[in-house]
Amino acid sequence: MKLNLLGRPRLWLWILPLLAVLGGAAWYFNRQGDSAPTYRFAKVEKGPITATVSSTGTLNPVTSVQVGTQVSGQIKELFVDFNSQVKKGELIARIDPETFTYRVRQAEADLEAGRSALNRAQVSLANTQRDLARTKELVARNFVSPAELDRAQSTYDLAAAEVRTAQAVVQQRTAQLQTAQVDLGRTEIRAPVDGVVIKRTVDVGQTVAATLQAPELFVIAKDLRDMQVETSIDEADVGRIRPGQRATFTVDAFPGRTFNGEVRSVRKAAQSIQNVVTYIAIVSANNERGELLPGMTANVRIVTDTRDSVLKVPNGALRFRPAGAAADASKAAEADKTAASKAGSGGNPMAQFRERLVTELKLDAEQQQRLEPVFAEARNKFMGLRDMPEEARAKAGTAIRADLRAKIEDVLKPEQKARYAEIAAEFAGRAGGGPSTRGRVWVVDGGKPRGIDVRVGLSDGAMTEVSGDGVAEGLEVIVGQQGGNTAAPAQKGAPPRMFF
């Protein structure tokens, strides 16, 4: 009993300090949560912004020729190796010609025999022709019967046929000789173009067999000073790629170096790898110094659009949402819907977009008529996305919008396309500025955050073009928050965005 009484005070000596520590921690964190938040700011800047599409590709010569052989045999000599400079028609390899030499000799002998047979047939024809002439003279004098004339005529006709046969044999054997001579000539492998040998796949003594397909002996790059990058573009971005666009790329072999080029073409043949559809874009690469080598991996950036002087903010300012922002956003959306309904657009972004095109571009009746099926097709495609998963819906929607913009451009006149690019940028953020052309930035007004609605344009991944009432150069916008309550998460189950 004495042991229990002595043990209880010792236990309380441990419990009381622990409770004091826990209480202090709770009070500290409670105080931190109730304290006023501290914001991080960034200023609205004015300057250029460039939108790009990034991808990877492989450096290749513009023209590379596979050199093969049309005859089978053993490689007897090689005259070039890797990196050898060659000229068109230069001898670069030889296949053992012995067998083909014998075939040529045999064909020459067969041709000579055919010519001898032709000579005999021609002599026989001459004899029968003389006999026929004498027989005709004798029949005319009634020295021989007409039957003798018929026999002489038949003999002459047979001799003439033999001559024609012998002539055909000579022609046939002449062709066989020429074929044998061509095959003999093919044992000498010559360079088809001027260039550099970048690949050699045979060695002396190796036997090559030319059956259904000519075996590859060498690969010759025509001109390594002019190369190209074959880069894969995702189907969601291919609608923004056009020939002539400026591009830059880097290679791991020269860190810190940037090489310039431009888009030459976009191949229409799609490639599907693991259900990912891409298209090959060809980007030019000047290689006057010979530093770039075939097969290098290039990290490509294609400039799809630029703005010289626009207002822009960090992307963090468009992502920031203070506490209570969800309720404010719902009210703003309801107000926008009401205003759109009053304006007669029914809140339909596609209808608003079409209305702006007709009004601001002054589309004539024919252009409006051509746009009707284009918008109808896009509307049906967007409706078909409603039941798709969110990620797949976003990717498919981007492709539909890119296709729609391209078809609209085909309808427009050259003088209308510049203004159309600006309208499309406002509606679609066609450089990938975000999921919507509308956004909100926040400023501190009277110690509390206040939202400003903005229109979103181009984005370079770090900064985004913005415009709207209340947005000016030097305006401080909130990009982050420390302390205080955080913003409520976005509501789940929101309807999918079917257009820009």
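Read on for a plain summary of the structure. As the structure is a computational prediction, the values presented were derived from the model and not from experiment. (Residues numbered from 1 in each chain as written. Predicted model: local features only at pLDDT ≥ 70, side-chain atom pairs only at ≥ 80, totals over all residues. Heavy atoms only, no water.)

A closer look at helix α3 (residues 146-185)
Then step 1. With 40 residues, α3 extends 59 Å from end C-alpha to end C-alpha; this agrees with the ideal 58 Å at 1.5 Å per step.
Then step 2. Taken residue by residue, α3 has Ala152, Ala159, Ala160, Val163, Ala166, Val170, Leu177, Ala180 and Asp183 as its buried positions.
Then step 3. At its buried positions, α3 is contacted by α2 (98-140). (Helix = DSSP H or I, 4+ residues; strand = E, 2+ residues; numbered from the N terminus. Expected span 1.5 Å × (residues − 1). Buried < 20%, exposed > 50% of the residue type's maximum accessible area, 1.4 Å probe, protein only. Contact = heavy atoms within 4.5 Å.)

Some remarks on the nonpolar core
Then step 1. If you look at the biggest cluster of nonpolar residues, it comprises 19 residues, and the most contacted ones within it are Leu59, Val229, Phe249, Val251, Leu292 and Ile302.
Then step 2. Contributing elements (two or more residues each) for this core: β2 (45-61), β11 (226-234), β12 (246-251), β13 (259-273), β14 (276-286) and β15 (297-314).
Then step 3. Not counting residues within four places of it along the chain, the set of residues in contact with phenylalanine 249 comprises Leu59, Val229, Arg257, Thr258, Phe259, Asn260, Ser284, Ala285, Leu292, Ala298, Asn299 and Val300. (Core = buried A, V, L, I, M, F, W, Y, C linked by side-chain atoms within 4.5 Å.)

Here's the deal with α2
Then step 1. Between its first and last C-alpha, α2 extends 64 Å over 43 residues, near the 63 Å set by a 1.5 Å rise per residue.
Then step 2. Burial in α2 covers these residues: Phe100, Val104, Ala107, Leu111, Gly114, Leu118, Ala121, Leu125, Thr128, Leu132, Thr135 and Val139.
Then step 3. Along its buried surface, α2 packs onto α3.
Then step 4. Note on α2: the residue one or two positions beyond its end, asparagine 142, has a positive phi of about 65 degrees.

Notes on empty space enclosed by the protein
Then step 1. By the definition in use, this model includes 1 cavity of 30 Å³ or more.
Then step 2. Empty space within the largest cavity amounts to approximately 40 Å³.
Then step 3. Forming the boundary of the largest cavity are Val374, Glu377, Ala378, Lys381, Ile400, Asp403, Leu404 and Lys407.
Then step 4. Counting residues per element, the ones that place at least two in the lining of the largest cavity are α7 (365-383) and α8 (390-411). (1 Å grid on protein atoms, 1.4 Å probe; cavity = no way out; pocket = protein on both sides within 12 Å on 5 of 7 lines; lining within 4 Å. Points joined across faces, edges and corners; volume = space filled by probe spheres on them.)

Re the pairing of β11
Then step 1. For β2 and β11, the ladder comprises 5 bridges, and the chain directions are antiparallel. The residue of β11 that forms the bridge with glycine 57 is threonine 231.
Then step 2. Examined bridge by bridge, β11 and β14 share 9 bridges and lie antiparallel to one another. From the neighbouring strand, valine 229 faces β14, where its bridge partner is valine 283. (Pairing = 2+ DSSP bridges.)

Quick look at the layout of surface pockets
Then step 1. By volume, the second largest pocket is sized at about 440 Å³.
Then step 2. For the second largest pocket, the lining is made up of 15 residues, of which Val238, Gly239, Val266, Lys268 and Tyr279 are closest to its centre.
Then step 3. Of all elements in the fold, only β13 and α8 reach the threshold of two or more residues within the lining of the second largest pocket.
Then step 4. Looking at the lining of the second largest pocket, its residues break down into 8 nonpolar, 2 polar and 5 charged. (Nonpolar A, V, L, I, M, F, W, Y, C, P; charged D, E, K, R; others polar.)

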